[in-house]
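# Chain and residue survey
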Amino acid sequence: AQSVTQLDSHVSVSEGTPVLLRCNYSSSYSPSLFWYVQHPNKGLQLLLKYTSAATLVKGINGFEAEFKKSETSFHLTKPSAHMSDAAEYFCVVSVAGGGADGLTFGKGTHLIIQP
Amino acid sequence: GAGVSQSPSNKVTEKGKDVELRCDPISGHTALYWYRQSLGQGLEFLIYFQGNSAPDKSGLPSDRFSAERTGGSVSTLTIQRTQQEDSAVYLCASSRSPLRTDTQYFGPGTRLTVL
C-alpha cells in the first residue's frame, strides 16, 4: 500500500516571496505523483504530475515540483507567491491502475498569502 | 471541450431518506472515480469504474452506498437511509484510462447535507 504525508496543514507566506509545500510519500512500487489545487468552492485542478520521466516537473501558474526518490519527497515550489495562489493543495500518489489502492490523497495544505 | 459535470450541485435531505448523485464524465473517458471530501477526513476514495464494471468496491463506507455506471458513461452514486455522517462533498473524476499515468479530471462536486 502507499501513503502520502503533507507535512504542513497550513503555510503562510507574503506576496512575492517563495512558496514551499512539502510532501513525502511511501510506495512499494514506482509511483506517479500529482499536485492538485482546490480554490474555495471550486473543483480540484491538476497543477502538475510526475510519471517517471524528468524528475523536475513544471506545472501551471509557475509551480514546479521535484521528485527525489532517495528522500521519497515531491515538494511543490513557486518562486514568487501571488494572492491568487491562496487555496488548498493536495499531494497525490498513484501506484496501481485504478482500484482501491490506486489513488491516495494527502490531507491537504492550506496556503495563505499575506499582502 | 466539456469537463466532468455533476448534479445536483447541492442536496439537502432528511436523515433516513435515499439520495442519488449523478456524474457525467468527459466523453471518451473509460475510467470514472467517486470520492468523498469531508471535514477532518480529507479526500476519501470510494469506488472506480472501468467501463461499466467496478472491479473494487471496498472503498464504499457501508452497504448503504452503491454505484452504477451505464453505457460506459453516466454514473450514479446512491446513498440509502442517509445518516448525518454522510454529509460531505461528493466528487467525481474521470480519466482516459485507469493507468496511473493518466490524469484524473474532477467535477465541481455535490454538497450533501443530511439534517
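Thresholds, definitions, all that
- Residues numbered from 1 in each chain as written.
- Chains lettered and ligands numbered in written order.
- Predicted model: local features only at pLDDT ≥ 70, side-chain atom pairs only at ≥ 80, totals over all residues.
- Heavy atoms only, no water.
- Disulfide = S-S within 2.5 Å.
- Helix = DSSP H or I, 4+ residues; strand = E, 2+ residues; numbered from the N terminus.
- Buried < 20%, exposed > 50% of the residue type's maximum accessible area, 1.4 Å probe, protein only.
- Contact = heavy atoms within 4.5 Å.
- Buried area = accessible area lost by both parts, 1.4 Å probe.
- Salt bridge = Lys/Arg side-chain N within 4 Å of Asp/Glu carboxyl O.
- Polar contact = N/O pair within 3.5 Å; in protein donor to acceptor, adjacent residues only side chain to side chain.

## As for the state of the cysteines
All names here are of chain A. Considering all chains together, one arrives at 2 disulfides over all chains under this definition. With its sulfur 2.0 Å from that of its partner, C23 forms a disulfide with C91. Around the S-S axis, the bridge from C23 to C91 shows a dihedral of about -65° and counts as left-handed. A residue pair is termed long-range when its members are at least 10 positions apart, and C23 in strand 4 (residues 23-26) and C91 in strand 10 (residues 87-94) qualify at 68 residues. Taking relative accessible area as the criterion, C23 reaches 0% and is therefore assigned buried. Given the relative accessible area of 0%, C91 is considered buried.

## Some words on the interface of chain B and chain A
Each side of the interface is counted separately: chain B has 22 residues, and chain A has 23 residues. Buried area between chain B and chain A, summed over both chains or domains, comes out near 1,700 Å², and the portion from carbon and sulfur atoms is 53%. Three residues, L43, R100 and F106 of chain B, lead the burial of chain B against chain A; their summed loss comes to 37% of the area buried on that side. Linking chain B with chain A are 0 salt bridges. Remark: the boundary between chain B and chain A carries 3 residue pairs in polar contact (both at pLDDT 80 or more).

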